[in-house]
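Here is what each chain is made of, one letter per residue.
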Amino acid sequence: MPAWRALPSVLRDAHRTFVDVGNWSNGDVVRIGLGVSRPYLVTNPAHVHEVLQQKAAIYPRGDDTAMWRSVRKFVGDGILAEGATWAASRRTLAPLFRPTRINAMVDAMADAIAVAVDELDASAATAIPIDVGRELSRIVCGVITRTFFAGRITVEQALTIMAAQETIVTAMAPRILAPFVPWWLPMPGDRRFRDAVRAIDDILLPVLRGALREPGDGDDLLSALARGRTEDGDPLSEKQMRDDLVSMVAVATETSYVALTWLWPVLANHPDVASKLYDEIERVVGAGPVRADHLPALTYTKMVLEELLRLYPAGWFVPRRAAADDVLGGVRIDKGATVILSPYATQRMTAWWGPTAELFDPERFAPGRAAGGERHRYAHYPFGVGMHRCLGEHLFNLEAVLIVATLLNRFRFTVTDPSIPRIKVAGSLRPARRVEMILIPVERSATR
Ligand code: HEM
């Protein structure tokens, strides 16, 4: 079995190292030497399928992998956990994500996005650079407070929560990079992590208790949790509801805005793609505003977003723990071993994507190409595979098209620094620097 002594390169550039290891082993299961910790890296789409779906019972999330343990300290034991608690959460939450429910909300989402984008007019008029991450967070919070909270939390509260989450995902980095350090030993970031968790609870717990006093029969997140039941038919405990609420706010906001932040430097480096995107949005949406019935025709926009999630999958790191001995791709995996799956690595490997694997090329997702059997089904899995597959995939796919179409229907842009940012080591795939751009209003003769 190939092994890779990786500690120095992982500390320098964890993301690059995973891709390099994948290319070097050509998709074989590799043991990476991180000092005392020696996880297996799984990059072959067939093995991804095996671990996350066919053998999901052998490979749970596990309480003791560094990332899940950090995540668990933040979100507790709900939808991001495993076993009976997870199953009750998944049962309770899944109806909120049914395509029929999400599709029915598209125009409400488009309205929330348009209201948030209106606030950019002032910066565009004065050509003041905007902080793209911050503005996208604001836009995403507008969507989430409307679609999941039925207005029970304000956009300002959602933004305070996101700022605290920012602290949490970055404070996790030392634990992810040094999983061999015991938990009783304080590490940099631990105190910031705890304070940020408390700040989030201070906002969400009163909202949750208010919803329990007056549950309502709406189909928002809080009403659904208040109606949720365990396997035995009992109501969910307040702790589980709190955990699910915090998990949902975290996964619904962080991933979406982080993923979309990468788009602007990427477009700045691919003017041909940008111009095709502008043409499509102009042709389909015209003077706007963007509505649900525009979505089916925004095919190139969808291709661009699929390619963006191939190269910049917000959930870049998906660890599991072997609950029993196993053999994977001919390699023996001992019970208790950590197995790391990384959509980031698999989606950039030459073995599955050819010699131009790391080039941004939306044509890879032209209708018919993926379905035509050109690549393995799980060579692209930004939303995971199997029973834990992302609940928010359909929501994100619609929301992202709406956000991009609304922004580019109203503005052209220049980024202040055209280089592609380096990646920050964190629970999600964040740019290591702030992305800033200047918006230029699109002039149209017809009034809006
Ligand atoms: C770019 C956007 C997103 C990406 C790349 C993404 C990625 C992922 C991945 C890779 C997983 C699987 C984790 C695992 O197997 O352990 C996951 C799970 C999950 N995602 Fe997403 N996600 C995104 C957006 C969202 C949104 C917008 C929501 C909700 C509104 C959401 C809700 C969830 C939930 C609840 C789970 C846990 C499912 C379970 O364990 O049963 N995600 N996501």
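Calculation criteria
Residues numbered from 1 in each chain as written. Predicted model: local features only at pLDDT ≥ 70, side-chain atom pairs only at ≥ 80, totals over all residues. Heavy atoms only, no water. Donors = N, O, S within 2.8 Å, 3.2 Å for Na, K, Ca; no water. Helix = DSSP H or I, 4+ residues; strand = E, 2+ residues; numbered from the N terminus. Near = heavy atom within 4 Å. Polar contact = N/O pair within 3.5 Å; in protein donor to acceptor, adjacent residues only side chain to side chain. 1 Å grid on protein atoms, 1.4 Å probe; cavity = no way out; pocket = protein on both sides within 12 Å on 5 of 7 lines; lining within 4 Å. Sits in = over half its atoms within 2 Å of the grid points. Pairing = 2+ DSSP bridges. Points joined across faces, edges and corners; volume = space filled by probe spheres on them. Nonpolar A, V, L, I, M, F, W, Y, C, P; charged D, E, K, R; others polar. Expected span 1.5 Å × (residues − 1). Buried < 20%, exposed > 50% of the residue type's maximum accessible area, 1.4 Å probe, protein only. Arc of directions from axis to C-beta. Contact = heavy atoms within 4.5 Å. Core = buried A, V, L, I, M, F, W, Y, C linked by side-chain atoms within 4.5 Å. Salt bridge = Lys/Arg side-chain N within 4 Å of Asp/Glu carboxyl O.

**Student:** What is the right way to read the coordination of the iron atom of the ligand from this model?
**Tutor:** Any two of four tetrahedral donors ideally make an angle of 109.5 degrees at the metal, while pairs among six octahedral donors ideally make 90 or 180 degrees. Within the protein, just one atom coordinates the iron atom of the ligand: Cys390 (SG), at a distance of 2.3 Å. Residue position: Cys390 is located in the loop between α18 (350-353) and α19 (393-410).

**Student:** For this particular structure, what's the right way to read the site of the ligand?
**Tutor:** As a matter of local geometry, the ligand sits amid 29 residues, with Arg61, Trp86, Arg90, His388 and Cys390 nearest to it. Here Ile79 contributes a backbone N or O atom positioned 3.2 Å from an oxygen atom of the ligand. In the model, an oxygen atom of the ligand is placed 2.7 Å from a nitrogen or oxygen of the Trp86 side chain. According to the grid-proximity analysis, the pocket containing the ligand is the largest cavity. Of all the secondary structure elements, the ones that give two or more residues to the shell around the ligand are α4 (83-93), α13 (238-261), β5 (318-321) and α19.

**Student:** Looking at this structure, I do not really get the pairing of strand β12 (residues 436-441). What am I missing?
**Tutor:** With 2 bridges connecting them, strand β4 (residues 130-131) and β12 associate as antiparallel partners. Its bridge partner lying in β12, Asp131 is registered against Glu436. Note that strand β9 (residues 411-415) and β12 share 5 bridges and pair antiparallel. Of the residues in β12, the one forming a bridge with Val415 is Met437.

**Student:** Where do I start with empty space enclosed by the protein in this structure?
**Tutor:** Gaps left between atoms show up when a probe the size of a water molecule is rolled over them. Counted under the stated rule, the structure contains 3 cavities of 30 Å³ or more. Of the volumes computed, that of the largest cavity is approximately 1000 Å³. For the lining of the largest cavity, the secondary structure elements donating two or more residues are α3 (66-75), α4, α9 (155-171), α13, β5 and α19. Counting residues per element, the lining of the largest cavity draws most heavily on α13, which supplies 8 residues. Looking at the lining of the largest cavity residue by residue, the classes come out as 33 nonpolar, 9 polar and 6 charged.

**Student:** I tried to follow helix α6 (residues 106-118) on my own but got confused; where do I start?
**Tutor:** For an α-helix the count is 3.6 residues per turn, leaving residues at separations of three or four pointing the same way. With 13 residues, α6 extends 18 Å from end C-alpha to end C-alpha; this agrees with the ideal 18 Å at 1.5 Å per step. Where α6 is concerned, the buried positions are Val106, Met109, Ala110, Ala112, Ile113, Ala116 and Val117. Each buried residue of α6 sits inside an arc of 160 degrees when the element is viewed along its axis, so together they form one side. Buried positions along α6 lie against α5 (99-104), α7 (121-126), α8 (132-147), α19 and β9.

**Student:** It is not clear to me how the nonpolar core should be interpreted in this structure. Could you clarify?
**Tutor:** One recurring pattern in soluble globular proteins: nonpolar side chains tend to sit buried together. Formed by 128 residues in total, the largest nonpolar core has its most connected members in Phe74, Leu136, Phe149, Leu221, Trp264 and Phe413. Membership of the second largest hydrophobic core comes to 18 residues, among which are Tyr40, Ala322, Ala337 and Tyr381.

**Student:** I'm lost on the sheet that holds β12 in this one. Help?
**Tutor:** Strand-to-strand pairing in sheets goes through backbone hydrogen bonds, with the strands running parallel or antiparallel. Sheet architecture is open: 3 strands sit in the order β4-β12-β9, paired in antiparallel fashion. Edge positions in the open sheet fall to β4 and β9, since each of these has one partner strand only.

**Student:** Explain helix α16 (residues 299-311) to me, please; I cannot follow it from the model alone.
**Tutor:** A rise of 1.5 Å per residue sets the reference length of α16, with its 13 residues, at 18 Å; its end C-alpha atoms lie 19 Å apart and thus fit the reference within 8%. Here α16 lies mainly inside the structure; 10 of its 13 residues are buried. Those residues of α16 that are buried lie in contact with α13, α14 (263-269), α15 (271-285), α17 (343-346), α18 and α19.

**Student:** For this particular structure, what's the right way to read the pattern of salt bridges?
**Tutor:** Close approach of charged atoms allows side chains of opposite charge to pair. One pass over the full model with this rule turns up 28 salt bridges. Three or more residues are tied together by salt bridges with common partners; here these are Arg16, Asp20, Arg348 and Glu358.

**Student:** So what exactly am I meant to see when it comes to the layout of surface pockets here?
**Tutor:** Quantified by volume, the largest pocket comes out at close to 660 Å³. Lining the largest pocket are 32 residues; nearest its centre among them are Glu306, Phe365, His380, Glu393 and Asn397. Listing elements by their share of the lining of the largest pocket, those giving two or more residues are α16 and α19. Taken together, the residues of the lining of the largest pocket break down into 18 nonpolar, 7 polar and 7 charged.

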